[in-house]
Amino acid sequence: MAYTVFASLVLAGCGDKTPTTPADAGTTGTTPKNGSTPATSSAGLKELKILDVKVGTGKAAAVGDTIWVHYTGTFADGKKFDSTKDHENKPFGVVLGEGSVVPGWEKGLLGMKVGGERKLSIPWKLGYGENGSSSIPPKTDLYFDIEAVGLVKQNEQDLVQGKDIKVGTGAAAKNGSKVTIRYTMSIPGGEVVEDKKTVTITIGKGEAMDSLEQAIIGMKVGGKRNLIIPPRVGLPNGNQKVPQNCPVIFDVDLLKVG
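1. As for the overall build of the protein
Then step 1. Helix and strand counts for the protein stand at two helices and twelve strands.
Then step 2. Each helix and strand of the protein, placed in order from N terminus to C terminus, yields the pattern β-β-β-β-β-α-β-β-β-β-β-α-β-β.
Then step 3. With 258 residues in all, the protein has 47% of them scored as buried.
Then step 4. Sequence separation of 24 or more characterises 71% of the internal contacts of the protein that already satisfy a separation of 6 or more.
Then step 5. Accessible surface, the protein: about 12600 Å² in total, of which carbon and sulfur atoms supply 49%.

Shown next as structure tokens:
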């Protein structure tokens, strides 16, 4: 596990819904010019159409990265068939290139940045193919409104993002220090799972999440630090309050050292 203050890690989401990927990868995607709209011809879609409604900021999603999105999926007639709003409004995470989602998503999410909004028009060959699924008829074109709310680059899955909201003036926390902290833990999307909980731990003795303990090192009494801990070095299996494969966000106040 590596800890980096101000590391280039952006996270905001989790989820466990995994659309089926058809075997036929179909045609390659194209990006329409500004001002164009996804095709809705009665003849059906011939290729993937991508329209950026809003371009996000930061790094762009590439193969191997994990991206979290909100989405709403509709048929050509506008009827909704799925949405993250129907799944406790929790963002859905995708590891690009793993084949866990339909090819239209694999191609259509590439290049998205956090805060970006995109429309995808997916021909059936890049969707659920000739057979469809339980909720998708065979040979059905699909239309998605996508919002990217989080991104973890492939080489940053062990990094913890830390930002000092307030720098303290008292004693500094070191490895082996006995510290008292007050923290609020939330998951992406803003749901608080532990609020203003006060605990006393000894750093390095495994009395708390290892990545959290290490991230406290260097804080001074009176300081406040915001931490975003990715699943792999946080709670990969989740718990009663945190879903599996979900980042956790801490706001930590250092109250006492010693």
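Next comes the rest of the write-up.
2. Looking at unusual backbone geometry
Generally, phi is negative for residues other than glycine and the peptide bonds are trans, each holding for most cases.
Then step 1. We note that Lys139 has phi near 50°; this positive angle belongs to a residue other than glycine.
Then step 2. Relative to the helices and strands, Lys139 resides in the loop between β6 (117-122) and β7 (142-152).
Then step 3. Located in the positive-phi region is Lys196, a residue other than glycine, with phi close to 50°.

3. Some remarks on the nonpolar core
Then step 1. Counting 26 residues, the largest nonpolar core has Ile67, Trp105, Leu109, Phe144 and Ile146 as its most contacted members.
Then step 2. Put simply, the parts of the chain that give this core at least two residues each are β3 (66-74), β5 (92-95), β6 and β7.
Then step 3. The biggest single contributor to this core is β7, with five residues.
Then step 4. Non-local contacts of Ile67, meaning those with residues more than four positions away in its chain, are made with Ala61, Phe92, Gly93, Val94, Leu96, Leu109, Met112, Ala148, Gly150 and Leu151.
Then step 5. Core analysis: the second largest hydrophobic core is formed by 25 residues, Ile181, Ile201, Ile216 and Ile229 among them.

4. As for the environment of Asn245
Then step 1. Relative to the helices and strands, Asn245 is located in the loop between β11 (224-229) and β12 (248-257).
Then step 2. Asn245 gets classed as partly exposed once you look at its relative accessible area, which sits at 34%.
Then step 3. The spacing of Asn245 and Pro230 is 15 residues in sequence and 8.4 Å in space, taken between C-alpha atoms.

5. Some details on the confidence of the model for the protein
Then step 1. On average, residues of the protein score 84 in pLDDT, and 83% of them are at 70 or above.
Then step 2. Residue range residues 1-13 is modelled with pLDDT below 50. Its contacts to residues more than four positions away, or to other chains, number 60 contacts.

6. Here's the deal with the packing of aromatic side chains
One pair of aromatic rings is described through two measures. These are the centre distance and the angle between the planes.
Then step 1. Under the definition given, this model contains eight aromatic pairs.
Then step 2. Relative to Phe92, the ring of Tyr71 lies with its centre 6.2 Å away and its plane at 70°, an arrangement referred to as edge-to-face. Placement of Tyr71 in strand β3 and of Phe92 in strand β5 is noted, with a sequence separation of 21 residues between them.
Then step 3. Residue classification places Phe92 among the buried residues on the basis of a relative accessible area of 4%.
Then step 4. Within the aromatic cluster, the residues linked to one another by ring pairs are Tyr71, Phe75, Phe81, Phe92, Trp105 and Phe144.

7. Considerations on the pairing of β11
Remember that side chains alternate between the two faces of the sheet whenever the strand is regular.
Then step 1. Most of β11 sits out of view: five of its six residues are buried.
Then step 2. Summarising the sheet, strand β8 (residues 159-166) and β11 pair through five bridges and their orientation is antiparallel. Bridge pairing in β11 places Asp164 opposite Arg225.
Then step 3. Both β11 and β12 contribute to a ladder of six bridges, which runs antiparallel. Opposite Ile229, over in β12, you have Val248 as the bridge partner.

Definitions and limits used
- Residues numbered from 1 in each chain as written.
- Predicted model: local features only at pLDDT ≥ 70, side-chain atom pairs only at ≥ 80, totals over all residues.
- Heavy atoms only, no water.
- Helix = DSSP H or I, 4+ residues; strand = E, 2+ residues; numbered from the N terminus.
- Buried < 20%, exposed > 50% of the residue type's maximum accessible area, 1.4 Å probe, protein only.
- Contact = heavy atoms within 4.5 Å.
- Areas by Shrake-Rupley, 256 points an atom, 1.4 Å probe, with all protein chains shown as cover.
- Core = buried A, V, L, I, M, F, W, Y, C linked by side-chain atoms within 4.5 Å.
- pLDDT = per-residue confidence, 0-100.
- Phe/Tyr/Trp six-rings, centres within 6.5 Å; stacked < 30°, edge-to-face > 60°.
- Pairing = 2+ DSSP bridges.

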